[in-house]
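# Commentary on secondary and tertiary structure
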Amino acid sequence: MAGSRRRSLRSIAIIATFMVGLGIISSPATADPGKPGSARSAESLAAEREAAIAKERFGRGDLDLPYLTRKLADGSIEKFVDPEAEAQILSITAASSGCGSACDGKDPASYLAPMPGGPSNYAYCSTDAYTKYSKTSSDGRLTAELRYSPYCRTAWTRGCCYNSMAGFSYYSNGNVRLSVYNYDGRFSGDDVWTAMLDDAGYTFKACYDGQIGGPSEWKCTAKW
């Protein structure tokens with residue numbers, strides 16, 4: 001476990017350096033809240049967008065994090081990030097206020113999220129995203145991942161394969177705020193993902209459809 005944690009912390013350091021380079025966060029040595037990050041060219045933004053899409057679809061650039069597992073009553077397996085590693089991730093963007101309701105219903109990998117500081121600070125929310133929870137069916141065939149962007153403070157569902165995905169956002173009183181769906185996954189062997197929802201002050205759970213044919217029967221992760 002110690003070796004896994006060292007690898008994960010190295011990965012976290014890599015993404016921190018990457019985000020500084022993009023202007024998503026400021027280097028501690030040069031941080032100036034009055035000055036937004038330097039402007040990026042159209043070519044740079046296009047490359048960032050392609051990288052964000054590849055990260056969600058193929059897992060390219062995902063952090064290699066240590067996870068804990070538990071078997072649930074229905075036989076499914078839930079994984080969740082080791083708390084120490086997650087604390088390191090969240091400390092990187094702890095000051096971010098997120099993009100709020102502007103990001104509701106938007107694609108985390110292709111929507112340039114508006115952030116405080118103006119266009120030079122805008123970002124694709126998938127850039128710093130990691131999987132908070134995942135839920136896998138007892139036969140290992142279906143998985144839903146709760147994806148979270150600390151910088152944007154948004155959440156969405158990613159999953160595979162040949163199945164529908166959903167995500168549900170909740171107010172603090174437990175009432176449903178908004179929901180998002182992706183039914184295209186029924187026809188794809190690659191990862192698919194839903195639109196994202198604001199998760200600053202709310203909670204979110206990620207789900208796959210456990211029902212083959214007929215009305216959907218959503219099997220979900222814990223809320224975050």
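Conventions adopted
- Residues numbered from 1 in each chain as written.
- Predicted model: local features only at pLDDT ≥ 70, side-chain atom pairs only at ≥ 80, totals over all residues.
- Heavy atoms only, no water.
- Pairing = 2+ DSSP bridges.
- Helix = DSSP H or I, 4+ residues; strand = E, 2+ residues; numbered from the N terminus.
- Axes fitted to C-alpha atoms, helices over the stretch in contact; angles between N-to-C directions.
- Buried < 20%, exposed > 50% of the residue type's maximum accessible area, 1.4 Å probe, protein only.
- Contact = heavy atoms within 4.5 Å.
- Polar contact = N/O pair within 3.5 Å; in protein donor to acceptor, adjacent residues only side chain to side chain.
- Salt bridge = Lys/Arg side-chain N within 4 Å of Asp/Glu carboxyl O.
- Phe/Tyr/Trp six-rings, centres within 6.5 Å; stacked < 30°, edge-to-face > 60°.
- Lys NZ or Arg CZ within 6 Å of the ring centre and 35° of its normal.
- Disulfide = S-S within 2.5 Å.

### Here we look at the sheet that holds strand 13 (residues 218-220)
As summarised here, the arrangement of the 4 strands in space is 9-8-12-13, forming an open sheet in which the pairing is antiparallel. With partners counted over all chains shown, the strands left at the sheet margins are strand 9 (176-182) and strand 13, one partner each. Within this sheet the neighbouring strands show an average axis-to-axis angle of 30 degrees, counted without direction. Bridge analysis of strand 12 (residues 203-209) against strand 13 gives 3 bridges, and the strand direction is antiparallel. By the bridge assignment, tyrosine 208 is partnered in strand 13 with lysine 219.

### Looking at the environment of tyrosine 183
As for its placement among the helices and strands, tyrosine 183 is situated in the loop between strand 9 and strand 10 (192-193). According to the relative accessible area criterion, tyrosine 183 is partly exposed, its value standing at 35%. Apart from residues lying up to four places away in sequence, tyrosine 183 is in contact with Ser164, Ser216 and Trp218.

### A look at the side chain of arginine 158
Locating arginine 158 in the fold gives a position in strand 7 (residues 154-160). Of note is the side chain of arginine 158, whose polar atom sits 2.9 Å from the backbone oxygen of lysine 55.

### Focus: the pattern of salt bridges
One pass over the structure, following the stated rule, counts 11 salt bridges. The salt bridge partner of glutamate 50 is arginine 49, with a shortest N-O separation of 3.5 Å. The class for arginine 49 is partly exposed, based on a relative accessible area of 32%. One salt bridge connects arginine 158 with aspartate 62, and the closest N-O pair in it is separated by 2.9 Å.

### Side note on the packing of aromatic side chains
Following the criterion strictly, the structure yields 6 aromatic pairs and no others. With a centroid separation of 6.2 Å and an interplanar angle of 85 degrees, the aromatic rings of tyrosine 130 and tyrosine 148 are classed as edge-to-face. Separated by 18 residues along the polypeptide, tyrosine 130 in strand 5 (residues 130-136) and tyrosine 148 in strand 6 (residues 143-149) bring together distant segments of the chain. In terms of burial, tyrosine 130 and tyrosine 148 fall into one category: buried. A centroid spacing of 5.8 Å and a plane angle of 75 degrees characterise the contact between tyrosine 171 and tyrosine 202, whose relative ring orientation is edge-to-face. Taken together, the residues span a long stretch of sequence, with tyrosine 171 in the loop between strand 8 (165-170) and strand 9 and tyrosine 202 in the loop between strand 11 (197-198) and strand 12 at a distance of 31 residues. Above the face of the tyrosine 67 ring, lysine 79 is positioned so that its terminal group lies 5.1 Å from the ring centre. It is lysine 106 that lies over the ring of tyrosine 111; its NZ or CZ is 5.2 Å from the centre.

### What about the state of the cysteines?
Tallied over the full model, the rule gives 4 disulfides. Note that cysteine 160 is cross-linked by a disulfide to cysteine 161, the S-S spacing being 1.6 Å. Of note, the bridge from cysteine 160 to cysteine 161 carries an S-S torsion of about 60 degrees and is right-handed in sense. Between the sulfur of cysteine 207 and that of cysteine 220 lies a disulfide, 2.0 Å long from S to S.

### Quick look at the pairing of strand 7
Burial analysis of strand 7 places 7 of its 7 residues in the buried class, the great majority of the element. Covered by surrounding structure in strand 7 are Thr154, Trp156, Arg158 and Cys160 together with Ala155, Thr157 and Gly159, the residues of both alternating faces. The antiparallel pairing of strand 6 with strand 7 creates a hairpin that spans 4 residues between the two strands, and arginine 153 there sits at a positive phi of about 55 degrees. Alignment of strand 7 against strand 11, held across 2 bridges, turns out to be antiparallel. Looking across to strand 11, one finds that threonine 154 is bridged to aspartate 198.

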